[in-house]
Amino acid sequence: MSALLNIDNLHAGIDGTPILNGLSLSIQPGEVHAIMGPNGSGKSTLSYVLSGKDGYEVSEGEMMFAGQSLADMAPEERAIAGLFLAFQYPLEIPGVTNMTFLKTSLNAILRGRGEDEMDAASFLRLAREKSRALGMNDEMLKRQLNVGFSGGEKKRNEILQMAMLEPKLAILDETDSGLDIDALKTVAEGVNALRAPDRGMLVITHYQRLLDFIKPDVVHVMAAGRIVKSGGPELALELEKSGYAEYVGETVNA
Amino acid sequence: MLDAQSYFDRVSGDLSGDATARAAALAAAEAAGLPTRRQEAWHYTDVTRLLGKRTDDTIGAVDFAPLNPLMAVFDNGALREAPVAEGLALHDFEAAPIGDNAMLNYNAALAQGGLNAEISGALAQPLIVTTQGDEPVHLHHKITLAPKAKAVLVDNHMSCGYTNARFDITLGADAELTLIRVQQAGHQIGTSQIELAENARVKSVALVTGGALARHEANVAFAAAGAHAELHSAVLGRGDNHADFTYVIDHQAAETSSNTTAYNVLDAASRGVFQGKVIVRKDAQHVDAQMQTRAMMLSEGAEMDAKPELEIYADDVVCAHGSAIGELDKDALFFLRARGLDEASAIYLLVAGFIEQVLSHIDDEVMADSLRALVAQKIAAQFSIEGAA
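Residues numbered from 1 in each chain as written. Chains lettered and ligands numbered in written order. Predicted model: local features only at pLDDT ≥ 70, side-chain atom pairs only at ≥ 80, totals over all residues. Heavy atoms only, no water.

Within chain B, the regular secondary structure consists of seven helices and 19 strands. Over its C-alpha atoms chain B spans a radius of gyration of 20 Å, differing by no more than 12% from the 21 Å that the globule rule assigns to 389 residues. In terms of overall dimensions, chain B has C-alpha extents of about 65 × 50 × 45 Å along its principal axes. Partitioning the contacts of chain B with sequence separation of at least 6, the portion at a separation of at least 24 is 86%. In the structure as shown, chain B presents an accessible area of about 15,000 Å², 48% of it carried by carbon and sulfur atoms. If the 28 positive side-chain charges of chain B are averaged to one point and the 52 negative ones to another, these points end up 3 Å apart. (Helix = DSSP H or I, 4+ residues; strand = E, 2+ residues; numbered from the N terminus. Rg over C-alpha atoms; globule rule 2.2 N^0.38 Å. Contact = heavy atoms within 4.5 Å. Areas by Shrake-Rupley, 256 points an atom, 1.4 Å probe, with all protein chains shown as cover. Lys, Arg positive; Asp, Glu negative; His and termini not counted. Charge placed at Lys NZ, Arg CZ, Asp CG, Glu CD.)

Shown next as structure tokens:
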């Protein structure tokens, strides 16, 4: 089976400062990978480079997603191809309701795939069904996008977008940050409900806690812009005990 | 306009009323001349220069039909259609006295007419005053709401010529007025005098989508306790558009309140001006006056001048003003693109959302939708995209 995502020797940075230094990673359909690492190791940069944020430059290596090279694709083309980034800090967009946003997004993606747009009634039914499954009331769909949402509501809203868009690969960038334990559980349940044999996930986190609720198949340790160790779920528990010192030290000596 | 005397000599024969009084008003206006940038209230708006400019704005018909409105249509200054409704009385045109405002003196000298309407009770349909044509026009409207009267008034400016419009608006005790204004093109200097009696409430929502000169001046006087005014404006500037909102918000009485917001989206070489002066008189305690200005700059050639001013003589009041001028939010743009929207659609949504923060003040959703449709059309044309959502 060909990999859903294959990153090979990726070097990338911003404003001439290298951040990713030869990162390699391969995710098969159905797999959940976790990337853990200390602050500044380049975890968020990886999520931005994969999703195509302006300002990040790839200097070497390649990123293949579902058979396509991501490097020259615009962010919206990557989304249409099935890549989804759940933002660490979801943006507030005043004057645009959550509903309008979801509909515009879903229809843009359907259009981009050459499919018919969804009619208003079907969309409304789908949005209500998916949001209720996440414990969100209809009122949240009418509110302005993320404006005045609590941290937990914003993250839940990201998962709602993921549920609506049904991506091939979801990247969750520190989805656990700023969440209390109840919100974390709700978000994790939403994510788990989306695990599927043809869908991959890349869960980026600083803490092991999230991985109690979203069980990864593979855990990677990232330091100084590359993967320094990979293993099974037990690696996360090990990190929880001994911290990142070993890996940070290693890269300093390297 | 620039040669007012010869214009007056040409048209005065067709003007109603006291010719001598008109000539005197013209003399007073000409003695002062058109406002210049040396006058503080006109510092950012150079009338003479802007009157010489043309813009290529198109006029999109705003579809008010679903509102089943009462129409007063002024075609090159002449009333073509007069509204008839219960609770609405139309009176003969009344000339205005000479004052110290040159633009109003020009208006007193040259006004061809205007709507002199008295509203008693609650007007069921919105009253739309449409100004259209391409000739120079001077109109003087007088709108009076009796105590407890309620109305929605739309100042629908569709002219692509020069307009000097005066609105004298008086609200009796407990009266309530929603004032919607739209300007899409042309040169307009509009001056509104709004007087509020006890517990009277006015809510004004103005939208400027074009024009080489759009000057909207409003002087609001709160005469008695409980009076409340909201003045919200949205500007969608492109090309050489120039939109100026200048307010004097005069809290003469205690227990009065005002809320002013101005949202400007400025592209190309367009310019937005906001001048808001809040005066709280000596005995006007417990006044609450809020003022916010926001601008989204889409081009380096665009300019926003925001000047909020507070002049407070009472000591127990709540007054605040704030101003935020920024570019299009790059992170928000990336967020939307990462959700599948192409760049133009993402910009469309951010701009429409920005303007929506003003339009959402309109209580009547049908009315709000008719303006949303105009905004959608204007943004789509500006960014050469099909409107999303």
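Next comes the rest of the account.
Residues and elements named next belong to chain A. Strand direction decides the pairing type here: strand β1 (residues 5-14) and strand β4 (residues 56-65), joined by eight bridges, are antiparallel. If you follow His11 over to β4, its bridge partner there is Glu60. Sheet topology note: the β1/strand β2 (residues 17-27) ladder contains eight bridges and is antiparallel. The partner of Leu10 across the bridge, within β2, is Leu23. (Pairing = 2+ DSSP bridges.)

All names here are of chain B. Taken together, nine strands build an open sheet; the order of strands is β3-β4-β6-β8-β10-β12-β14-β16-β18 and the sheet is mixed. Lying at the two open borders of the sheet, with one neighbouring strand each, are β3 (88-90) and β18 (303-312). Pairs of neighbouring strands in the sheet enclose a mean axial angle of 10°, with direction left out of account. Of the pairings in the sheet, the one linking strand β16 (residues 271-280) to β18 comprises 10 bridges and is parallel in character. By the bridge assignment for β18, Gly272 is matched with Met304. Its contacts with the sheet put helix α4 (residues 102-110) on β6 (137-145), β8 (162-171) and β10 (187-196), and the angle it makes with β8 is roughly 95°. (Axes fitted to C-alpha atoms, helices over the stretch in contact; angles between N-to-C directions.)

Another aspect to go through is the interface of chain B and chain A. Contact with chain B, which involves 21 residues of that partner, is made by 29 residues of chain A. For the chain B and chain A pair, buried surface summed over both sides reaches about 2,000 Å², with 70% attributable to carbon and sulfur atoms. For chain B, the biggest contributors to the area lost against chain A are Phe334, Phe335 and Arg339 of chain B; these three give 39% of the whole. In this assembly, chain B and chain A are joined by three salt bridges. Across the pair Lys53 of chain A and Asp331 of chain B runs a salt bridge, and its minimum N-O distance is 2.9 Å. The interface formed by chain B and chain A includes six residue pairs in polar contact (both at pLDDT 80 or more). Only α5 (330-337) and α6 (343-359) of chain B provide two or more residues apiece to the side of chain B that touches chain A. Here the residues of the side of chain B that touches chain A are counted per class, giving 11 nonpolar, three polar and seven charged. (Buried area = accessible area lost by both parts, 1.4 Å probe. Salt bridge = Lys/Arg side-chain N within 4 Å of Asp/Glu carboxyl O. Polar contact = N/O pair within 3.5 Å; in protein donor to acceptor, adjacent residues only side chain to side chain. Nonpolar A, V, L, I, M, F, W, Y, C, P; charged D, E, K, R; others polar.)

This part is about the packing of helix α2 (residues 19-32) of chain B against α4 of chain B. Packed helices, taken two at a time, are described by their axes: the angle between them and the distance between them. All names here are of chain B. Interaxial distance between α2 and α4 falls to 7 Å at its minimum, and their mutual angle equals 150°. By the angle between their axes, α2 is roughly antiparallel relative to α4. Once α2 is placed against α4, the crossing between them reads as left-handed. Packed against α2, whose contacting residues are Arg22, Ala25, Leu26, Ala28, Ala29, Glu30 and Ala32, the element α4 presents Ala102, Asn105, Tyr106, Ala108, Ala109 and Leu110 at the interface. By residue class, the composition of the contact of α2 with α4 is 10 nonpolar, one polar and two charged. (Parallel < 35°, antiparallel > 145°, perpendicular 65-115°, else oblique. Left-handed = near helix turned anticlockwise from the far one by under 90°.)

Below, the discussion takes up the pairing of strand β13 (residues 228-237) of chain B. Residue and element names in this part refer to chain B. Counted residue by residue, β13 has 10 buried out of 10 residues, so it is predominantly covered. On β13, burial covers both faces: His228, Glu230, His232, Ala234 and Leu236 on one face and Ala229, Leu231, Ser233, Val235 and Gly237 on the other are all buried. Across 10 bridges, β13 lies against strand β15 (residues 257-266) in parallel orientation. Each residue of the ladder has a partner; that of His232, found in β15, is Thr261. (Buried < 20%, exposed > 50% of the residue type's maximum accessible area, 1.4 Å probe, protein only.)

Attention shifts here to α5 of chain B. Residues and elements named next belong to chain B. Judged by how many residues are buried, α5 sits mostly within the fold: six of eight residues are covered. Burial in α5 covers these residues: Ala332, Leu333, Phe334, Phe335, Leu336 and Arg337. With a side-chain oxygen positioned 2.9 Å from the backbone nitrogen of Asp331, the residue opening α5 is Asp329.

Ranked by size, the top nonpolar core spans 119 residues in total, and within it Leu46, Leu50 and Ile93 of chain A together with Leu336 and Leu371 of chain B carry the most contacts. Top contributing element to this core by residue count: α6 of chain B, with 10 residues. Grouped together as the second largest cluster of nonpolar side chains are 56 residues, Ile169, Leu179, Val280 and Met291 of chain B included. (Core = buried A, V, L, I, M, F, W, Y, C linked by side-chain atoms within 4.5 Å.)

Applying the stated criterion across every chain, the model contains eight aromatic pairs over all chains. An aromatic cluster is present here, built from Tyr48, Tyr56, Phe87 and Phe101 of chain A together with Phe334 and Phe335 of chain B joined pairwise through their rings. Just above the ring of Tyr48 of chain A sits the side chain of Lys53 of chain A; from NZ or CZ to the centre is 4.5 Å. The lysine or arginine in question, Arg181 of chain B, covers the ring of Phe167 of chain B, its NZ or CZ lying 4.8 Å from the ring centre. (Phe/Tyr/Trp six-rings, centres within 6.5 Å; stacked < 30°, edge-to-face > 60°. Lys NZ or Arg CZ within 6 Å of the ring centre and 35° of its normal.)

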